[in-house]
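An overview of the molecular structure
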Amino acid sequence: MMIRGARMISRLTRRTLLASAASAAAAACVPALAAGPAAWPTRPVKLIVGFPGGSSPDLVARTLAEPLAKMLGQPVVVENKVGAGGNIGADAVAHATDDHTLGLMINGNMTIAKLINPKATYDPLKDLQPVSLIATAPLALAASAQAPGSTAAEFFAAARASGDKWSYGSPGIGTVAHIGMELLKARAGIAPVHVPYPGNPQVINAIIGEQVQLALLPPAMAAAQARAGKLRVIGVTSTSRSSLVPEYPSLSEAGIANYQMEIWNAVAAPRSMPQSIVERLGTLLSEIARHPDIRAKLFAQGWQVAGTSSEGLANRIRTDAKVMGDIIRSQKITAQ
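Since this is a predicted model, take the numbers as computed values, not measurements.

1. Examining the overall build of the protein
For the protein, the count of helices and strands is 13 helices and 11 strands. Going through the 336 residues of the protein one by one, you find that 49% of them count as buried. For the protein, the computed accessible surface area is about 15,500 Å², with 58% contributed by carbon and sulfur atoms.

So, in structure tokens, the structure goes:
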């Protein structure tokens, strides 16, 4: 009787051990915020966007929110705090102290905000913590459909010959399109005068109406106008052709050396958020962005997926802040 009981206990013990091992293996396949505070997140996570609903950053945020919520086991609520080129939203993230607030940012919010405006209420390099670079896109150098030159090289020759008689439009002082054009002026030896507008639609109208001769525009926007015969795309600002608009050459192909300028979006956290949470979020967001379905959605919105870790985003911030900071200082660009 004792032997029979011992055998039964032995079988139960083996079953318990096997069940425990299976549970551990299953748990290992589920993304979790290991090494972070216990049971994080304990409530819904807020994802702040500094731009209105339907804007490109807003669409990216909403594309990420649902899969991130499934991974975290808590709702991810997108909240729009609009104004000052996204800096109002960025400031709200920088000063959040609840450990449950993130932000969907664009370049300027995370690199040059303080350089452009010393009175800015947050310092992106000190008050924001990189989580993940989500996606990037080059800009497209657009000109009037009647622009001179049949090639990019001929166009730049005409631009150099025009001196400051040409002008270029941008969606505002301190935008990536503005700083990118100032960098292009330095690299290409051209001298068009800056004319700021409220947004890209007004810039496009100004090019079509030949009030300005060129501008850097989001690639999908520029390509749509070019296909309609209203604009001409000279090239894109990446170092090679972009999968977003592969029909257009890079400006490097046109002989503009050492020139790259991209727009990008990323997720950031307050500096106060524990590093363990930030690193795991970076891993989760990278996995999400690289998923084929999410990649396809972002591509349709005009983005090439990056999906980096927090360290990858930090490296990109350092590089961009150096390049754009040098131009801002040399040209004495300030917010007005």
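Now, onward.
2. A look at the packing of helix 11 (residues 275-290) against helix 12 (residues 292-300)
For the pair helix 11 and helix 12, interaxial distance at closest approach is 5 Å and the crossing angle is 70°. Here helix 12 runs roughly perpendicular to helix 11, going by the angle between their axes. Here helix 11 contributes Ile-288, Ala-289 and Arg-290 to the contact with helix 12, which in turn contributes Pro-292, Ile-294 and Arg-295. In the contact of helix 11 with helix 12, the residues fall into four nonpolar, no polar and two charged.

3. Quick word on the pattern of salt bridges
Within the structure shown, the criterion is met by 11 salt bridges. Note that Asp-320 and Arg-316 form a salt bridge whose closest N and O atoms lie 3.2 Å from each other. Within this pair, Asp-320 and its partner Arg-316 are both found in helix 13 (residues 310-331), separated by four residues, close to a single helical turn. Neither residue differs from the other here; Asp-320 and Arg-316 are each classed as buried. A single network of salt bridges, built from pairs that share partners, joins Lys-46, Glu-79 and Lys-81.

4. Digging into the sheet that holds strand 2 (residues 76-80)
What the six strands build is an open sheet, ordered 2-1-3-10-4-11; its pairing is mixed. The sheet terminates laterally at strand 2 and strand 11 (304-305), the two strands that pair on one side only. Pairing geometry for strand 3 (residues 101-106) and strand 10 (residues 262-270), over four bridges, is antiparallel. The partner of Met-105 across the bridge, within strand 10, is Ala-266. Running at roughly 160° to strand 2, helix 2 (residues 56-72) makes contact with strand 1 (45-49), strand 2, strand 3, strand 4 (128-138) and strand 10 of the sheet. Sitting on the sheet, helix 3 (residues 87-94) is in contact with strand 1, strand 3, strand 4 and strand 10, with an inclination near 145° to strand 3.

5. Topic: helix 8 (residues 176-188)
Between the first and last C-alpha of helix 8 there are 17 Å, a value that for 13 residues agrees with the 18 Å anticipated at 1.5 Å per step. Most of helix 8 is tucked away: 11 of the 13 residues are buried. Those residues of helix 8 that fall on the buried side of the exposure criterion are Val-176, Ala-177, His-178, Ile-179, Gly-180, Met-181, Glu-182, Leu-183, Leu-184, Lys-185 and Ala-188. Within two residues after helix 8, Gly-189 carries a phi angle of roughly 70°, on the positive side.

6. Brief notes about the sheet that holds strand 8 (residues 214-217)
Here five strands make up an open sheet; going across it, the order is 7-6-8-5-9 and the pairing mixed. Since the sheet does not close on itself, it has two edges, and those belong to strand 7 (193-196) and strand 9 (231-236), each with one partner. Averaged over neighbouring strand pairs, the angle between their axes works out to 30° when direction is ignored. Taken together, the four bridges between strand 6 (residues 167-170) and strand 7 define a ladder with parallel strand orientation. Across the sheet, Gly-169 pairs through a bridge with Val-195, a residue of strand 7.

7. Some points on the environment of Gln-74
Looking at where Gln-74 falls in the secondary structure, it is placed in the loop between helix 2 and strand 2. The sequence separation of Gln-74 and Pro-41 amounts to 33 residues, and the corresponding C-alpha distance is 6.9 Å. Not counting chain neighbours up to four residues away, the residues in contact with Gln-74 comprise Pro-41, Thr-42, Arg-43, Pro-44 and Ala-69.

The rules we used
- Residues numbered from 1 in each chain as written.
- Predicted model: local features only at pLDDT ≥ 70, side-chain atom pairs only at ≥ 80, totals over all residues.
- Heavy atoms only, no water.
- Helix = DSSP H or I, 4+ residues; strand = E, 2+ residues; numbered from the N terminus.
- Buried < 20%, exposed > 50% of the residue type's maximum accessible area, 1.4 Å probe, protein only.
- Areas by Shrake-Rupley, 256 points an atom, 1.4 Å probe, with all protein chains shown as cover.
- Axes fitted to C-alpha atoms, helices over the stretch in contact; angles between N-to-C directions.
- Parallel < 35°, antiparallel > 145°, perpendicular 65-115°, else oblique.
- Contact = heavy atoms within 4.5 Å.
- Nonpolar A, V, L, I, M, F, W, Y, C, P; charged D, E, K, R; others polar.
- Salt bridge = Lys/Arg side-chain N within 4 Å of Asp/Glu carboxyl O.
- Pairing = 2+ DSSP bridges.
- Expected span 1.5 Å × (residues − 1).

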